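Breakdown of the fold
Listed below are the residues making up each chain.
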Amino acid sequence: QVQLVESGGGLVQPGGSLRLSCAASGTIFSAYVMGWYRQAPGKQRELVASITSGGSTNYADSVKGRSTISRDNAKSTVHLQMNSLKPEDTAVYYCNYRSLGYTYWGRGTQVTVSS
């Protein structure tokens with residue numbers, strides 16, 4: 001079992017920045033993929049960014065150039081720095097952990113971009 005605890009969501013003005021963090025605990029394997037997904041009202045959940053335990057990253061086109069995902073393997077933590085936020089970034093952001101065929105989700109954290 002893996003537990004994921006997200007933090008860092010909130011209300012931010014357009015053009016602002018947020019840093020989301022996800023701490024994983026439980027049975028953490030050395031090889032994994034962790035990432036952030038988001039789901040806006042009435043829309044499907046979509047990948048925002050992911051990172052492997054080896055450091056390879058993947059970004060959605062909509063956030064590429066505005067976001068950076070990083071990880072601390074020693075602390076089993078992943079961060080998502082989001083800059084130049086837009087109203088369309090408003091969504092619930094979910095942390096995701098995948099390893100050896102298992103997938104776990106966090107409960108989500110709300111990000112609202114509004115003036």
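Keep in mind that what you see is a predicted model, and the values were worked out from it rather than measured.

1. Some thoughts on the state of the cysteines
What the rule picks out here adds up to 1 disulfide. A sulfur-sulfur distance of 2.0 Å marks the disulfide that ties C22 to C95. Residues C22 and C95 share a disulfide whose torsion about the S-S bond is about -85°; that sign makes it left-handed. Of this pair, C22 sits in strand β3 (residues 18-26) while C95 sits in strand β9 (residues 91-99), and the two are 73 residues apart along the sequence. Grouping residues by exposure puts C22 and C95 together as buried.

2. Considering unusual backbone geometry
One non-glycine residue, S76, adopts positive backbone phi at about 50°. In this fold, S76 is placed in the loop between β7 (67-72) and β8 (77-82). Here S76 falls in the buried class, since its relative accessible area comes to 12%. The phi torsion at S84 lies on the positive side, around 50°, for a residue other than glycine. Structurally, S84 can be placed in the loop between β8 and β9.

3. A look at the environment of E46
The topology assignment puts E46 in strand β5 (residues 46-52). The class of E46 is partly exposed, set by a relative accessible area of 36%. Here the alpha-carbon distance between E46 and Y93, two residues 47 residues apart in the chain, equals 9.5 Å. The contacts of E46, once residues within four sequence positions are left out, are W36, Y37 and R38. One polar contact links E46 to R38, side chain to side chain, over a distance of 2.8 Å.

4. Brief notes about the packing of aromatic side chains
The tally for this structure, following the rule as stated, stands at 3 aromatic pairs. Taking 5.7 Å as the distance between ring centres and 25° as the angle between the ring planes, the aromatic pair formed by Y32 and Y97 counts as stacked. Linking Y32 in the loop between β3 and β4 (33-39) with Y97 in strand β9, this pair joins segments that are 65 residues apart in sequence. Per residue, the accessibility class of Y32 equals that of Y97, and both read buried. Where Y97 meets Y104, the ring centres are 6.2 Å apart and the plane angle is 45°; that geometry is what we call tilted. A single burial state applies to Y97 and to Y104, both of which are buried. Counting every residue linked through ring pairs, the aromatic cluster contains Y32, Y97 and Y104. Just above the ring of Y94 sits the side chain of R45; from NZ or CZ to the centre is 3.7 Å. One cation-aromatic arrangement involves R45 over W105; the distance from NZ or CZ to the ring centre is 4.6 Å.

5. Looking at the pattern of salt bridges
A complete count under the given rule lists 4 salt bridges for this structure. As a salt-bridge pair, K64 and D61 come within 3.1 Å of each other at their nearest N and O atoms. Look at D61 and you get exposed, because its relative accessible area is 65%. Here the salt bridges do not stand alone but share partners, grouping R38, E46, R66 and D89 into one network.

Cut-offs applied
- Residues numbered from 1 in each chain as written.
- Predicted model: local features only at pLDDT ≥ 70, side-chain atom pairs only at ≥ 80, totals over all residues.
- Heavy atoms only, no water.
- Disulfide = S-S within 2.5 Å.
- Helix = DSSP H or I, 4+ residues; strand = E, 2+ residues; numbered from the N terminus.
- Buried < 20%, exposed > 50% of the residue type's maximum accessible area, 1.4 Å probe, protein only.
- Contact = heavy atoms within 4.5 Å.
- Polar contact = N/O pair within 3.5 Å; in protein donor to acceptor, adjacent residues only side chain to side chain.
- Phe/Tyr/Trp six-rings, centres within 6.5 Å; stacked < 30°, edge-to-face > 60°.
- Lys NZ or Arg CZ within 6 Å of the ring centre and 35° of its normal.
- Salt bridge = Lys/Arg side-chain N within 4 Å of Asp/Glu carboxyl O.

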